[in-house]
Amino acid sequence: MSDSPATASDFSAALDAMMSMNPNSLLHRMQIEVLEASPERLVARMPVEGNTQPYGLLHGGASVVLAETLGSIGSALHAGPERIAVGLDINATHHRAARSGFVTGTATALSLGNTLASYEIVITDDQDRRTCTCRITCLLRDAAPGA
């Protein structure tokens with residue numbers, strides 16, 4: 001790997017490679033659309049429809065999936081192609097319900113180290129009201145030989 005800084009197109013290529021690894025992943029099933037991705041900041045949106053609990057509200061677990069997707073992608077981009085990121089801890093506080101439209105998650109790096117990466121993810125509804133706040137920490141490890 002060169003010492004030159006990575007560019008947005010480098011991150012875009014890495015994101016495309018990650019997303020194509022498994023076309024049946026939860027990211028695809030929940031229709032998560034990544035809008036912006038770098039190790040420092042990520043943005044994605046997800047429809048409420050199809051990701052609800054029986055009362056028709058966005059399922060809290062769906063918010064956590066959105067948050068974990070962003071934190072994991074950011075951690076993997078930070079780790080680089082020879083390393084992998086695995087989740088260690090995630091927590092969520094649900095502030096208000098979303099009933100329709102989309103929710104948007106914005107992940108901001110809190111700490112990007114050699115062995116750990118942590119993010120805060122703020123999820124908002126179409127009116128830019130905070131619906132959920134999450135924090136995730138991922139462990140960064142060398143990829144298995146041949147992986």
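Per UniProt, the comment on the chain under Sequence similarities (unreviewed entry) is "Belongs to the thioesterase PaaI family."

A few words now on the overall build of the chain. A tally of regular secondary structure across the chain gives three helices and six strands. Walking the chain from its N terminus toward its C terminus, one meets helices and strands in the order α-α-β-β-α-β-β-β-β. Expected size for 147 residues packed as a compact globule is a radius of gyration near 15 Å; at 15 Å, the chain falls within 12% of this value. Taken over the C-alpha atoms alone, the chain extends approximately 50 × 30 × 25 Å along its principal axes. For the chain, with 147 residues in total, the buried portion stands at 36%. Counting only contacts in the chain whose residues sit at least 6 apart along the sequence, the fraction spanning at least 24 positions is 62%. For the chain, the exposed area adds up to about 8400 Å²; of that, 51% sits on carbon and sulfur atoms.

What follows deals with the pattern of salt bridges. Evaluation of the coordinates by the stated rule reveals five salt bridges. As a salt-bridge pair, Arg 41 and Glu 36 come within 2.7 Å of each other at their nearest N and O atoms. With a relative accessible area of 34%, Glu 36 lands in the partly exposed category. Between Arg 135 and Asp 89 there is a salt bridge, and its shortest N-O distance comes to 3.2 Å. Here Asp 89 lies in strand β3 (residues 83–94) and Arg 135 lies in strand β6 (residues 130–142), a separation of 46 residues in the sequence. The exposure class of Arg 135 is partly exposed, given its relative accessible area of 37%.

Moving on: the packing of aromatic side chains. By the definition in use, this model includes zero aromatic pairs. The residue whose ring lies beneath Arg 45 is Phe 102, and the NZ or CZ to ring-centre distance is 3.7 Å.

With that out of the way, let us pick up the side chain of Asn 51. Counting through the fold element by element, Asn 51 comes out in the loop between β2 (41–47) and α3 (60–79). Given the relative accessible area of 7%, Asn 51 is considered buried. Here the side chain of Asn 51 touches Met 30 through a polar contact of 3.2 Å, landing on its backbone oxygen. Aside from chain neighbours lying at most four places away, what touches Asn 51 is Met 30, Met 46, Leu 57, Leu 58, His 59 and Ala 62.

For β3 and β6, the ladder comprises eleven bridges, and the chain directions are antiparallel. Directly across from Gly 87, in β6, lies its bridge partner Cys 138. Taking the residues that link successive antiparallel strands as the turn, the strand β5 (residues 116–124)-β6 hairpin has five residues, and the phi of Asp 128 there is positive, at about 65 degrees.

Another point: the nonpolar core. Ile 32, Met 46, Leu 66, Val 103 and Ile 121 are the most contacted members of the largest nonpolar core, which has 32 residues in total. Excluding its chain neighbours within four sequence positions, the residues that come into contact with Ile 121 are Ala 67, Leu 70, Gly 105, Thr 106, Ala 107, Cys 132, Thr 133, Cys 134 and Ile 136.

Before going further, it helps to spend a moment on the environment of His 94. With respect to the helices and strands, His 94 occurs in strand β3. Taking the C-alpha atoms as reference, His 94 lies 7.1 Å from Gly 60; in sequence the two are 34 residues apart. Ignoring any residue separated from it by four or fewer positions in sequence, one finds His 94 in contact with Gly 60, Ser 63, Val 64, Thr 131 and Cys 132.

Further remarks concern α3. When the terminal C-alpha atoms of α3 are compared, their 28 Å separation across 20 residues agrees well with the 28 Å that a helix rising 1.5 Å per residue should span. Directly after α3, the chain includes Gly 80, whose backbone phi takes a positive value near 95 degrees.

Cut-offs applied
Residues numbered from 1 in each chain as written. Predicted model: local features only at pLDDT ≥ 70, side-chain atom pairs only at ≥ 80, totals over all residues. Heavy atoms only, no water. UniProt positions renumbered as here; feature names shortened; annotations may be inferred. Helix = DSSP H or I, 4+ residues; strand = E, 2+ residues; numbered from the N terminus. Rg over C-alpha atoms; globule rule 2.2 N^0.38 Å. Buried < 20%, exposed > 50% of the residue type's maximum accessible area, 1.4 Å probe, protein only. Contact = heavy atoms within 4.5 Å. Areas by Shrake-Rupley, 256 points an atom, 1.4 Å probe, with all protein chains shown as cover. Salt bridge = Lys/Arg side-chain N within 4 Å of Asp/Glu carboxyl O. Phe/Tyr/Trp six-rings, centres within 6.5 Å; stacked < 30°, edge-to-face > 60°. Lys NZ or Arg CZ within 6 Å of the ring centre and 35° of its normal. Polar contact = N/O pair within 3.5 Å; in protein donor to acceptor, adjacent residues only side chain to side chain. Pairing = 2+ DSSP bridges. Core = buried A, V, L, I, M, F, W, Y, C linked by side-chain atoms within 4.5 Å. Expected span 1.5 Å × (residues − 1).

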